[in-house]
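Analysis of the macromolecular model
Chain by chain, the residues:
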Amino acid sequence: MTKIRTTGVRAGTVPLALLAVLAAGCGTQRAGGDADAGGSSRSAVATPSTPKDFPCPGESPTASPRPSTATPSPTAPPTDHYAENHGFMIPFELHGKRRCQGLAAVARVREALEPQRRRGQFSPESVRKALIGLGYSGGQVQAYPGGGGVGFLVQVDDYPVCVEGSLAGTLDSATTKADAFGGYPDHDGCDQPSGGH
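The residue count restarts for each chain, going from 1 along the sequence in the order it is written. Where totals are concerned, whole chains, interfaces and linings use all residues; where local detail is concerned, this predicted model gives features only for residues with pLDDT of at least 70, and gives and counts side-chain atom pairs only at 80 or more. Excluded from the side-chain calculations are hydrogens and water; all other atoms, namely the structure's heavy atoms, are used.

Here the focus is the confidence of the model for the protein chain. pLDDT expresses, on a scale from 0 to 100, how confident the predictor is about each individual residue. When pLDDT is averaged along the protein chain, the result is 74, and 58% of the positions lie at 70 or above. The least confident element of the protein chain is helix H1 (residues 8-25), whose mean pLDDT is 49; the most confident is helix H4 (residues 124-132), at 96. Residues count as neighbours in contact if any of their non-hydrogen atoms are within 4.5 Å of one another. In this model residues 4-10 is a low-confidence stretch, pLDDT under 50, and it forms 0 contacts with partners more than four residues away in sequence or in other chains. Overall, residues 30-43 carries pLDDT values under 50, and its contacts beyond four positions in sequence, including any with other chains, amount to 9 contacts. Numbering goes from the N terminus for both helices and strands, where a helix is a DSSP run of H or I of at least four residues and a strand is a run of E of at least two.

If you want it as structure tokens, here you go:
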């Protein structure tokens, strides 16, 4: 008489198949709307609340913050994974009191760099010296050549509030650009990370 032996593989397929069937039903919606069997309704997609911004001192009440470009629309799936894979390089926007702090820091930086812009004579050393003159330590200020002028990055505080910009051009068309942001995901400090997940 021949005896058929069962192996552990066959015994493990039933729980695995059951798990696959249960997992296939997770995350699906039933036809007919949002209501579940208990009669309560749930939102199909959870959306994070957007902090309300208010006018900061010295800002006109009609000025509205620029729209966010960092958050993709939940209704339109991305066509590629570039944004998903490079999201760690998109800085956080400032909101509320931190936004006002960032705008005040941008105004101070522009005011400190205005004499250099008017003279049309600026270098990384002179820009760095002017920014350190605002009371920032040497470790909080970076200035570097770039874009036909000088780029700079200031870490205003450890939260962080960051100011990044440039002083570029000639005497006739010199411009000072500066913008405040709140650091980067998965990264301390204000410098743009070179790697992430």
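Quick look at the state of the cysteines now. Pairs of cysteine sulfur atoms within 2.5 Å are identified as disulfides in what follows. On inspection of all chains with the given rule, the structure shows 2 disulfides. With a sulfur-sulfur separation of 2.0 Å, cysteine 56 is cross-linked through a disulfide to cysteine 100. On the sign convention where negative is left-handed, the bridge of cysteine 56 and cysteine 100, at about -85° about the S-S bond, is left-handed. Of this pair, cysteine 56 sits in the loop between H1 and helix H2 (82-85) while cysteine 100 sits in helix H3 (residues 96-119); the two residues are 44 residues apart in sequence, bridging distant segments of the chain. Buried means the residue's accessible area, taken with a 1.4 Å probe over protein chains only, is under 20% of the maximum for its type, while exposed means over 50%, and partly exposed covers the values in between. A relative accessible area of 5% places cysteine 56 in the buried class.

With that out of the way, let us pick up the pairing of strand S3 (residues 161-168). Burial analysis of S3 places 6 of its 8 residues in the buried class, which makes it a mostly covered element. Two strands make a pair as long as DSSP finds a minimum of two bridges between them. Pairing between strand S2 (residues 149-157) and S3: 8 bridges, direction antiparallel. Bridge pairing links glycine 151 to serine 166 in S3. Linking two consecutive strands that pair antiparallel, namely S2 and S3, is a turn of 3 residues.

With that out of the way, let us pick up the environment of valine 163. Its place among the elements puts valine 163 in strand S3. Counting along the chain gives 27 residues from valine 163 to cysteine 190, while the straight-line C-alpha distance between them is 8.3 Å. Those residues in contact with valine 163 that lie beyond four places of it in its chain are Ala105, Val106, Val109, Phe152, Leu153, Val154, Val156, Ala178, Asp179 and Ala180.

Turning our attention to the sheet that holds S3. A sheet is described by the order of its strands in space; here 4 strands give the open sequence S1-S2-S3-S4, paired in antiparallel fashion. Where the open sheet ends on each side, the last strands, each with one partner, are strand S1 (141-146) and strand S4 (175-181). Shown here is a sheet whose adjacent strand axes are inclined to one another by a mean of 15°, direction ignored. Judged from the 6 bridges that link them, S1 and S2 form a sheet pairing that is antiparallel. Residue pairing across strands places glycine 146 opposite glycine 149, the latter belonging to S2. Seen against the sheet, H3 touches S2, S3 and S4 and runs at an angle of roughly 160° to S4. In the packing of H4 onto the sheet, contacts are made with S1, S2 and S3, and the angle to S1 comes to roughly 155°. Between the N-to-C directions of two axes lies an angle of 0 to 180 degrees, each axis being a line fitted to C-alpha atoms and, for a helix, fitted only over the stretch in contact.

Our focus in this paragraph is unusual backbone geometry. Of note, the bond from tyrosine 159 into proline 160 is cis; its omega dihedral lies within 30 degrees of zero at -10°. Following the sequence through the fold, proline 160 ends up in the loop between S2 and S3. With a phi close to 55°, aspartate 186 is a non-glycine residue in the positive phi region. Within the secondary structure, aspartate 186 sits in the segment after S4.

What follows covers the pattern of salt bridges. Opposite charge on two side chains permits pairing when their charged atoms draw close. When a carboxyl oxygen of Asp or Glu is within 4 Å of a side-chain nitrogen of Lys or Arg, the pair counts as a salt bridge. Under the counting rule described, the total for this entry stands at 3 salt bridges. Residues glutamate 114 and arginine 118 are paired through a salt bridge, measuring 3.8 Å at the closest nitrogen-oxygen approach. Here the residue glutamate 114 and the residue arginine 118 both occupy positions in helix H3, the gap between them amounting to 4 residues, near one helical turn. Overall, the relative accessible area of 23% leaves glutamate 114 in the partly exposed class. Among the residues examined, arginine 118 registers a relative accessible area of 51% and is labelled exposed. Overlapping salt bridges, with partners in common, bring together Glu114, Arg117 and Arg118 in one network.

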